[in-house]
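# A closer look at the structure
Each chain, written out:
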Amino acid sequence: MGYFNRKGIEKDAYIRLIEQYRETMYRIAYGYLGSEGEALEAIDEAIYLGYAKRKTVKEPDFAKTWLTRILINECYRMLRKRGHLSFYEIPPDVVDEREEPISLSTKLALQSLPEDLRQVIILRYFADMTIRETAEFLGIPDGTVSSRARKALSILRIELMEEEGEKIYEKKS
Amino acid sequence: MKKSHENWNDYLTESTDYPEELYQATDRLELRIRKEKRKKRLLFSSIPTTAAALLFVILMNTSVVFARTMADIPILSKISELVMYNESLKSAVENRNIQYVNLKAENGDLELKLPYVIADSKNLVLFLEMPENLELSGDEVYVVNIDYLRDLSNDNFISDGFFSNSGSYITGQNPLMQVNIEFVEEDLHRYSIQEGLPQNFELSLSLQKYKRGTDPEEGLLSVDAFKFELSLDPFKEPVIYPLNEEVVIEGQKILFKEMVSYPVRSEIIFEYPEANDSDINLRLSLLEDGGMTSLSGYAQIQRHHDGAARQTIHIRSDYFNPPKSKSISIDSYTIKPKNENSLYQIDLEKKTMSPEIDGIKLADISHEDGLLVFTFNATEQYPYSLISFFLGDGQFIDIVKEARRSDYTYLYYIEDKEYETLEIIQSIGPEYILEEPILIPIPVGN
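Residues numbered from 1 in each chain as written. Chains lettered and ligands numbered in written order. Predicted model: local features only at pLDDT ≥ 70, side-chain atom pairs only at ≥ 80, totals over all residues. Heavy atoms only, no water.

## Details of the overall build of chain A
The criterion, for reference: Strands are runs of DSSP state E lasting at least two residues, helices are runs of H or I lasting at least four, and both sets are numbered from the N terminus onward. Accessible area is worked out with a 1.4 Å probe on protein chains only. A residue is then buried under 20% of its type maximum, exposed over 50%, and partly exposed in between. It only takes one pair of heavy atoms within 4.5 Å for two residues to be counted as in contact. Accessible surface is estimated by sampling points in the Shrake-Rupley manner with a 1.4 Å probe; for residues, cover comes only from the protein chains shown.
Counting secondary structure elements, chain A contains 7 helices and 0 strands. Put simply, chain A runs from its N terminus to its C terminus through helices and strands in the order α-α-α-α-α-α-α. Going through the 173 residues of chain A one by one, you find that 50% of them count as buried. Expressed as a percentage of contacts within chain A between residues at least 6 apart in sequence, the contacts between residues at least 24 apart total 67%. Carbon and sulfur atoms form 48% of the exposed surface of chain A, whose accessible area is close to 9100 Å².

Take a look at the structure:
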């Protein structure tokens, strides 16, 4: 007879996990959705789903990985619901106003990447995962992570120095 | 206009501009928890109790599986899930090889269920219940991919050495999906040998969504991974049915030795005596209650350590609806004298082959899209894999593709590069179709 190993996370521990991890979750959701409002919506939904299923977590040590998966699936759900938006359909209030607005084509290009490439980019550059961590999360070899990242960046026409731990952007404190 | 990498850097920086609302997420969670609790209390009290009670009685009377399941499902409203599968459940109850495992795995908001399996030492059949909330449009399809098994007795990963196949899942289909895993026999090219299915293992699989009609590499839309831990009942020993049926074709004997019957499939084993002076290969069909199924192409003859030439054909069991009668039908065969196994040299510049093969002429060698194309004209019909290519040191050269035309022209495509020495062998003899197929009755099996 098969069995399902139930360990789970207590509510207090789950809340602490959210407080520690929410900024990473935001970056991941923003990477996928490109919008502050939608990223917050995805996070709220993922946090609630995670709470509802917290007692089914087999290995609480890997809770962040588990929660990341929930979040990513929620982002997919929202992208599917949104459908394919062309440049001309995006309403002006979705664009963040800056002196030089970020090219929407970068966001759309990332959203248009094949899923296996997009996942690697989001995990590496938005979630700040190392190659090893990304490989473990996706269940693929380290080399595959590197090659997919290179391929994705070349499709996005971005040249970056791909060194472990080094990122070419500045975080706001 | 900003450069791509400047836009990229801005995008990354923007993702770290955390809004104030992010830090109130846990407050919103608490509010929602309180709201959902209020909703559930209202819902539960509104189930029509008479209808639920009636359904409960019917199912308890007709299904042993349902009765066992009741211990696992605390909420009365879950009964409706089982009603959908009444047909297969009824058959499953009657099939003594079904193992009821009742497993669930989650990935985000997707829940994949594995209610039962059929297993033996070489095969595993999974009966998966697809998630209720799968979103699929009309031009999309899900398939199940087996990623690996992990033997829990020694922690070894098993990622090859088996075939797996699943149906595809499209919108509106019955959510119960079957996936077959078969461990390979020895000596199959490019497959490592595994000892067979472990009794206790972790199974990792993924639901892969594709856009229909596209190249699999381009059309993959999403991958959702799931893991199950299985602890199976001890495997039943196969039942061996002696056949001892001898067939003679063009003076060559074939002995249909025995049928080994497992819960999931049966193996028909036949032998070719050493005294045969030609290699004969059979194309077979399976006849069940008047219906015919092709048993794939000409299977490879395996020469075993004891010197015997043996061939094994696999027949999948119909565990839910076993036939009343079964026969093997020999429809056609190839034949090639045993002493004709020598290598033939190819001269790429002169476009010649030496020595020449009786009945097969090298007509042309050309270049096409990075491939070398060899065109052979024959005087008779041959099946696929007529020719194999080798380097001078005996190393096998992959055939990228092959084609044949109705005028007995056969084309082979290999990678276009510098070959110091290129050799070929004729792998198989001409093909002859029997006017009257030869039928060999076999047991129905387990």
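## Some points on the interface of chain A and chain B
So the rule is basically this: Reported buried area values correspond to the accessible surface (1.4 Å probe) lost by two parts on association, with both partners' losses combined. Salt bridge, as used here, is a side-chain nitrogen of Lys or Arg placed within 4 Å of a carboxyl oxygen of Asp or Glu. Polar contact is the term for a pair of N or O atoms within 3.5 Å; when the atoms are in protein, one must be able to donate a hydrogen and the other to accept it, and sequence-neighboring residues count only if both atoms are side-chain atoms.
At the interface, 55 residues of chain A touch 46 residues of chain B. Contact between chain A and chain B buries roughly 5100 Å² in total, counting both sides, with carbon and sulfur atoms accounting for 59%. Taking the shortest distance from any N to any O, the salt bridge between Arg28(B) and Asp44(A) comes out at 2.7 Å. Linking chain A with chain B are 9 residue pairs in polar contact (both at pLDDT 80 or more). Elements with a contribution of two residues or more to the side of chain A that touches chain B: helix H1 (11–33), helix H2 (36–52), helix H3 (63–82), helix H4 (104–112) and helix H5 (115–126) of chain A.

## So, H2(A)
What counts here: To estimate how far a helix should reach, multiply one less than its number of residues by 1.5 Å.
The first and last C-alpha atoms of H2(A) sit 24 Å apart over 17 residues, in line with the 24 Å expected at 1.5 Å per residue. For H2(A), the complete set of buried residues consists of Ala39(A), Leu40(A), Ala42(A), Ile43(A), Ala46(A), Ile47(A), Tyr48(A), Leu49(A), Gly50(A) and Tyr51(A).

## Examining the sheet that holds strand S23 (residues 387–391) of chain B
Residue and element names in this part refer to chain B. Selection rule: The rule for pairing is simple: two strands pair if DSSP sees at least two bridges between them.
Pairing in this open sheet of 5 strands is antiparallel, and the strands run S20-S19-S27-S23-S24 from one edge to the other. Two strands lie at the open edges of the sheet, namely strand S20 (352–354) and strand S24 (396–397), each paired on one side alone. In this structure, strand S19 (residues 344–347) lies alongside strand S27 (residues 422–426), joined through 3 bridges in antiparallel fashion. Across the sheet, the residue bridging to Ile346 is Leu422, located in S27.

## Description of the pattern of salt bridges
Under the counting rule described, the total for this entry stands at 18 salt bridges over all chains. The partner of Glu202(B) in a salt bridge is Arg150(B), with the nearest N and O atoms 3.2 Å apart. Taken as a pair, Glu202(B) in strand S9 (residues 200–211) and Arg150(B) in strand S4 (residues 140–151) lie far apart in primary sequence, 52 residues in all. Judged by its relative accessible area of 16%, Arg150(B) falls in the buried class. Residues joined in a network through salt bridges with shared partners are Arg132(A), Glu136(A) and Asp142(A).

## Here we look at the side chain of Ser327(B)
The residue Ser327(B) is located in strand S18 (residues 326–337) in this model. Among residues more than four places away in sequence, those in contact with Ser327(B) are Ser285(B), Leu286(B), Leu287(B), Ile440(B), Pro441(B) and Ile442(B).

## Overview of the packing of H1(A) against H2(A)
Residue and element names in this part refer to chain A. As a reminder, the rule being used: The axes are straight lines fitted to the C-alpha atoms, using for helices just the contacting stretch, and the angles between their N-to-C directions are given from 0 to 180°. Helix crossings get a hand from a simple test, with the near helix turned counterclockwise from the far one by less than a right angle marking a left-handed crossing and a clockwise turn marking a right-handed one. For this scheme, ten residues count as nonpolar: Ala, Val, Leu, Ile, Met, Phe, Trp, Tyr, Cys and Pro. Four count as charged, namely Asp, Glu, Lys and Arg, and the remainder, Gly too, count as polar.
It is at 9 Å that the axes of H1 and H2 come closest, and there the two elements cross at 145°. By crossing handedness, the relation of H1 to H2 is classed as right-handed. In this structure, H1 contributes Lys11, Tyr14, Ile18, Arg22, Met25, Tyr26, Ala29, Tyr30 and Leu33 to the contact, and H2 contributes Glu36, Glu38, Ala39, Leu40, Ala42, Ile43, Ala46, Ile47, Gly50 and Tyr51. Taken together, the residues of the contact of H1 with H2 break down into 14 nonpolar, 1 polar and 4 charged.

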